[in-house]
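The primary structure of each chain is shown beneath.
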Amino acid sequence: MTLINKKEFKLEFRNQMDFLYKQTIEEANSEQLLNTLVTVLKCKIDNIWKESRLDKEKEVYYFCIEFLLGRQLESNLLNLGVLEDIKLILKEMDINLEDLVNAEVDPALGNGGLGRLAACFLDSMASLSISGHGYGIRYEYGLFEQKLVNGHQVEVPDNWLKEESYIWETVRPNKASIVKFGGQVDLVEKNGKLKAIHKNYIPVMAVPYDIPIIGYKNEYINTLRLFKSDVPRKDFEPILKESKNSYGSYHDALQYRYYADEISQVLYPNDSNDAGKILRLKQEYFLVSAGIQDIFRKYKKNNRDIGKIYEKISIHINDTHPSLCVPELMRLLMDEEELGWDEAWEITKRVISYTNHTIMAEAMERWNIQMIKELLPRIYMIIEEINKRYIRKLNNKYGNDFDKIGTMAVISADNVNMANLSIIGSHSVNGVAKLHTEILKKEVLKNFYEDEPFKFNNKTNGIAHRRWLMLSNPRLSKLINELIGESWQKDTLELKSLEKYQDDSRVLQELELIKQENKRNLSKIITQKNEININENSIFDVQIKRLHAYKRQLMNALHILHMYHELLDNPNLNMEPRTFIFGAKAAPGYYFAKCVIKLINELAQKINNDVRVKDKLRVVFLENYGVSLAEKIIPATNVSEQISTTTKEASGTSNMKFMMNGAITIATLDGANIEIHDQIGDENMVLFGLKANQVLEYSKFGGYSSADLYSNNFYIKRVVDDLVNGFIPNILEEGREIYNSLITYNDEFFVLRDFENYIEAQKKINDLYMDKNHWNKMALINIANSGIFSSDRTIKEYANEIWYKR
Ligand code: Z57
């Protein structure tokens, strides 16, 4: 790419530095250097990066309440094809690129898997030259920063913008729109048709902030458009007149400002758990209404016939958070564009597609009808009408099967069921891994599947291999290049040809060396952060993900406790030294999850200070886990813990990142672990635990008693008792809470049921690691078969089978 001319670049860099800071390079700090570099780069990409116009091929709009982008500098340089050039040029100017990379904020505008998936998808859409753009919210505060104080999680606000702007964003004030809240709706007759007049509403301005999403070496740039809420400017005067906000008093004006500001103030810190708060509903409608109005504005610049909008756009709703897209699209088509119900409904279904990300009941959004009615009166009317017509249809088809109709209705028991609304209002419903989609079809959404089987499909998740291999593991990336050339970077299935080196001891040695160097790097970080030395030759055994009961960090902790006992009982135990590494944030209101964090930290404290096991066992809990830390941990991992209760983890995506970086997976047959197993078989990963049908049977028919297991099994009893007998200090309350969940409340997530099997699996990991050559071979086979988990593959499937399907 001819983006960078050395002499020109240096000149531009100095000029820009002078313009921004009136400083020389030598005087500037890392932030200033970073800002200068990014400003120069933004100028360079400006002519490729134009607002999408909807005058060419179909465009995809990916609506998501969160985007977990990670730092952008290195990724953008890589994708522009100038990473090495810039590194060198900066070096000539005595600037270390790494310092600038680390000076960038990591925007934490997401909680976990869902938000990170959205970011990987953006990367893939751009890299495949698919015109696909993200719509989200520009939260003033991202996910809280986690501090550990005496082993407890403490949340600190993530003030990532620091009253400034984000270096990669460009604000577009002239493309702002108005989102209307509250008020009343009158239906008045006009030309023989009923027209909805919305009055006395509160207008909130949605201001777009655009972030470029740069494709990999293809001169293609999409946009992530994030909306910030604000009070309307003067040019919205006519709208201000219809509303009740003509600023009565000073007090009213302040209140109004607060009302508007609050909407994009902070990301809700729940992952797979529905908080059900009115402010969240405001955020959801704000995103949806701003986004669809924006689409209409662009569409109408180049197209006359709104009735053909489905030919030019696809709207994808990522989970149900943007599911108000369904009634909002209906509203705009009917109230603004004057289409009739039937035509508007057909268009809506053709435009919208929906991804479900969980089967967990507590994550299913249900909004109280009173709440929707008051906040969104016109939207509520439309939802009621959708429901009415749908129930009529079901009645015709199934008679008065009230059970069935009750589960399928949009409105039931005073709530709007957002999943049902999304399914009914779209032409495609997909799960995120094979098992997950099967459970949707056969269990959770059974009635919908039987009614409209053609809507349902699977799209197994993927990860951006550019970030998760090429950037985060440059050593491995380089080795792969040397062995099989570079074509795998554009087509990851090519990684398969690495298999021919599976018995090449030089290659396997090389692989081990790379892992070793990555482990050394991580060790340094751990020592810095946790003031503890770890054995670089130990097995790095890692579980990094949100803290959730179903993900069973608890089972991991209990197993560590078990190992500790085994070691104390038998100091000569034949075992490979192990370092267990955790990273996890708990939702601030999730008490059980916080108890587990405390448990792990106290366990770490005890074990790490016990000289008897010093060389064999270490436990590390890394504070403030997020994308940037993951990039350091994953390349250094030997063992990937994917141990959720079978059926509960819809897909998981860290499982894929670990595999691609040559870790060996210990796993239940849950989520995408199944697809991983399909690729590499029993010989190259370690499986354990209940199968999906067993878990489903237990939940349907009962028959599990954790108390029985506890009283009859020495090993289980030993570790469970330790929770409450003082063996681990400072967990009086937390230990009791966890004990109760396991014994009194019958261990909802089958931790004890899978425990013995898990111990065996861990033993197997230990034995496998003892044969280093064999371990390396397994690692190589994992890498070689990870290509299918590039999100490029996933996005091609979405494009062919959902978005562009006619
Ligand atoms: C979230 O991160 C996920 C599901 C949700 O319903 C919400 Br809310 C947040 C996760 C799943 O738990 C993972 O299994 C999955 O890999 C990820 O979404 C991406 O699909």
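Above this text sits the structure in question.
Note that the coordinates shown come from a computational prediction; the quantities given were computed from them, not determined experimentally.

1. Points about the overall build of the protein chain
Looking only at helices and strands, one finds 33 helices and 23 strands in the protein chain. Taken over the C-alpha trace, the protein chain has a radius of gyration of 27 Å; the compact-globule value for 806 residues is 28 Å, and the two agree within 12%. Projected onto the principal axes, the alpha-carbon positions of the protein chain cover approximately 90 × 75 × 55 Å. Burial status across the protein chain gives 62% buried among its 806 residues. With an accessible surface of roughly 31700 Å², the protein chain has 48% of that area assigned to carbon and sulfur atoms. Each charge sign in the protein chain was given a centre, from 104 positive and 113 negative side chains, and these centres are 3 Å apart.

2. Examining the nonpolar core
Counting 204 residues, the largest nonpolar core has Phe13, Leu37, Leu73, Phe181 and Ile315 as the members making the most contacts within it. Broken down by element, this core gets its largest block of residues, 10 residues, from helix 9 (residues 278-302). Those residues in contact with leucine 37 that lie beyond four places of it in its chain are Phe9, Phe13, Leu73, Ile86, Leu90, Leu97 and Leu100. Within the second largest apolar cluster, 67 residues are counted, among which are Leu558, Ile560, Leu603 and Ile664.

3. Regarding unusual backbone geometry
In this structure, asparagine 150 is a non-glycine residue whose phi angle is positive, near 50°. Mapped onto the elements, asparagine 150 comes out in the loop between strand 3 (142-149) and strand 4 (152-158). The exposure class assigned to asparagine 150 is exposed, which follows from its relative accessible area of 63%. Phi is positive for phenylalanine 750, close to 55°, though the residue is something other than glycine. As for its position among the elements, phenylalanine 750 is in the loop between helix 30 (732-742) and helix 31 (755-770). With a relative accessible area of 8%, phenylalanine 750 lands in the buried category.

4. Section: the sheet that holds strand 19 (residues 578-583)
Ordered by their spatial adjacency, 6 strands build an open sheet running 20-19-18-21-22-23, and the pairing between neighbours is parallel. Each having just a single partner strand, strand 20 (617-622) and strand 23 (686-687) make up the two edges of the open sheet. One ladder, built from 4 bridges, connects strand 21 (residues 639-642) with strand 22 (residues 664-667); its direction is parallel. Each bridged residue has a counterpart across the sheet, and for glutamate 641 the counterpart in strand 22 is isoleucine 666.

5. A few points about the packing of helix 9 against helix 11 (residues 325-336)
Between two packed helices, the angle of one axis relative to the other and the distance separating the axes together describe the packing. The contact between helix 9 and helix 11 brings their axes to 10 Å, and the two run at 40°. The orientation of helix 9 relative to helix 11 falls into the category oblique. Handedness of the helix 9/helix 11 crossing: right-handed. Packed against helix 9, whose contacting residues are Tyr285, Val288, Ser289, Ile292, Gln293 and Phe296, the element helix 11 presents Cys325, Glu328, Leu329, Arg331, Leu332 and Leu333 at the interface.

6. So, the site of the ligand
Around the ligand lies a shell of 16 residues, among which Leu114, His357, Asn461, Glu649 and Gly652 are the nearest. A distance of 2.9 Å is found between an oxygen atom of the ligand and a backbone nitrogen or oxygen belonging to leucine 114. Compared with its free state, where it exposes 460 Å², the ligand has 96% of that area covered by protein. Grouping the amino acids of the shell around the ligand by side-chain chemistry returns 5 nonpolar, 8 polar and 3 charged.

7. Digging into the pattern of salt bridges
Within this structure, the stated rule accounts for 58 salt bridges. Residue lysine 700 pairs with glutamate 443 through a salt bridge whose shortest N-O separation is 3.2 Å. Of this pair, lysine 700 sits in helix 27 (residues 692-701) while glutamate 443 sits in helix 17 (residues 434-444), placing them 257 residues apart in sequence. Between glutamate 649 and lysine 551 there is a salt bridge whose closest N-O contact spans 2.8 Å. Here the residue glutamate 649 occupies a position in the loop between strand 21 and helix 25 (654-660), and lysine 551 occupies one in the loop between strand 18 (539-544) and helix 22 (553-569), the gap between them amounting to 98 residues. The burial state of glutamate 649 is the same as that of lysine 551; both residues are buried. The network of salt bridges with common partners includes Arg172, Asp210, Arg225, Asp294, Arg297 and Lys298.

8. Side note on the sheet that holds strand 15 (residues 415-417)
One open sheet holds the 3 strands; their spatial order is 13-15-14, and the pairing between them is antiparallel. Every other strand in the sheet has two partners, leaving strand 13 (366-368) and strand 14 (411-412) as the edge strands with one partner each.

9. Quick look at helix 26 (residues 673-680)
Among the 8 residues of helix 26, 6 are classified as buried, and the element is accordingly described as predominantly covered. Along helix 26, the residues that are buried comprise Asn673, Ile674, Glu675, Ile676, His677 and Ile680. Positive backbone phi, at 75°, marks glycine 681, one or two positions downstream of helix 26.

10. Points about the pairing of strand 6 (residues 177-181)
For strand 6, the buried fraction is high: 4 of the 5 residues fall into the buried class. In this structure, strand 6 lies alongside strand 9 (residues 202-214), joined through 5 bridges in antiparallel fashion. Counterpart to phenylalanine 181 in the pairing with strand 9 is isoleucine 202.

11. Details of the packing of aromatic side chains
Per the counting criterion, the structure on display carries 20 aromatic pairs. Ring geometry for tyrosine 61 and tyrosine 135: centres 5.3 Å apart, planes at 20°, overall stacked. With a gap of 74 residues between them, tyrosine 61 in strand 1 (residues 59-63) and tyrosine 135 in strand 2 (residues 132-137) connect regions that are remote in the sequence. Aromatic pair phenylalanine 714 and tyrosine 715: ring centres 5.3 Å apart, planes at 75°, arrangement edge-to-face. The exposure class assigned to phenylalanine 714 is exposed, which follows from its relative accessible area of 55%. A network of ring pairs unites the aromatic residues Tyr61, Phe63, Tyr135 and Phe227 as a single cluster. Over the ring of tyrosine 398 we find lysine 404, and its NZ or CZ is 4.5 Å from the ring centre.

What counts as what
- Residues numbered from 1 in each chain as written.
- Predicted model: local features only at pLDDT ≥ 70, side-chain atom pairs only at ≥ 80, totals over all residues.
- Heavy atoms only, no water.
- Helix = DSSP H or I, 4+ residues; strand = E, 2+ residues; numbered from the N terminus.
- Rg over C-alpha atoms; globule rule 2.2 N^0.38 Å.
- Buried < 20%, exposed > 50% of the residue type's maximum accessible area, 1.4 Å probe, protein only.
- Areas by Shrake-Rupley, 256 points an atom, 1.4 Å probe, with all protein chains shown as cover.
- Lys, Arg positive; Asp, Glu negative; His and termini not counted.
- Charge placed at Lys NZ, Arg CZ, Asp CG, Glu CD.
- Core = buried A, V, L, I, M, F, W, Y, C linked by side-chain atoms within 4.5 Å.
- Contact = heavy atoms within 4.5 Å.
- Pairing = 2+ DSSP bridges.
- Axes fitted to C-alpha atoms, helices over the stretch in contact; angles between N-to-C directions.
- Parallel < 35°, antiparallel > 145°, perpendicular 65-115°, else oblique.
- Left-handed = near helix turned anticlockwise from the far one by under 90°.
- Near = heavy atom within 4 Å.
- Polar contact = N/O pair within 3.5 Å; in protein donor to acceptor, adjacent residues only side chain to side chain.
- Nonpolar A, V, L, I, M, F, W, Y, C, P; charged D, E, K, R; others polar.
- Salt bridge = Lys/Arg side-chain N within 4 Å of Asp/Glu carboxyl O.
- Phe/Tyr/Trp six-rings, centres within 6.5 Å; stacked < 30°, edge-to-face > 60°.
- Lys NZ or Arg CZ within 6 Å of the ring centre and 35° of its normal.

On their own, these measurements won't tell you what the molecule is for.
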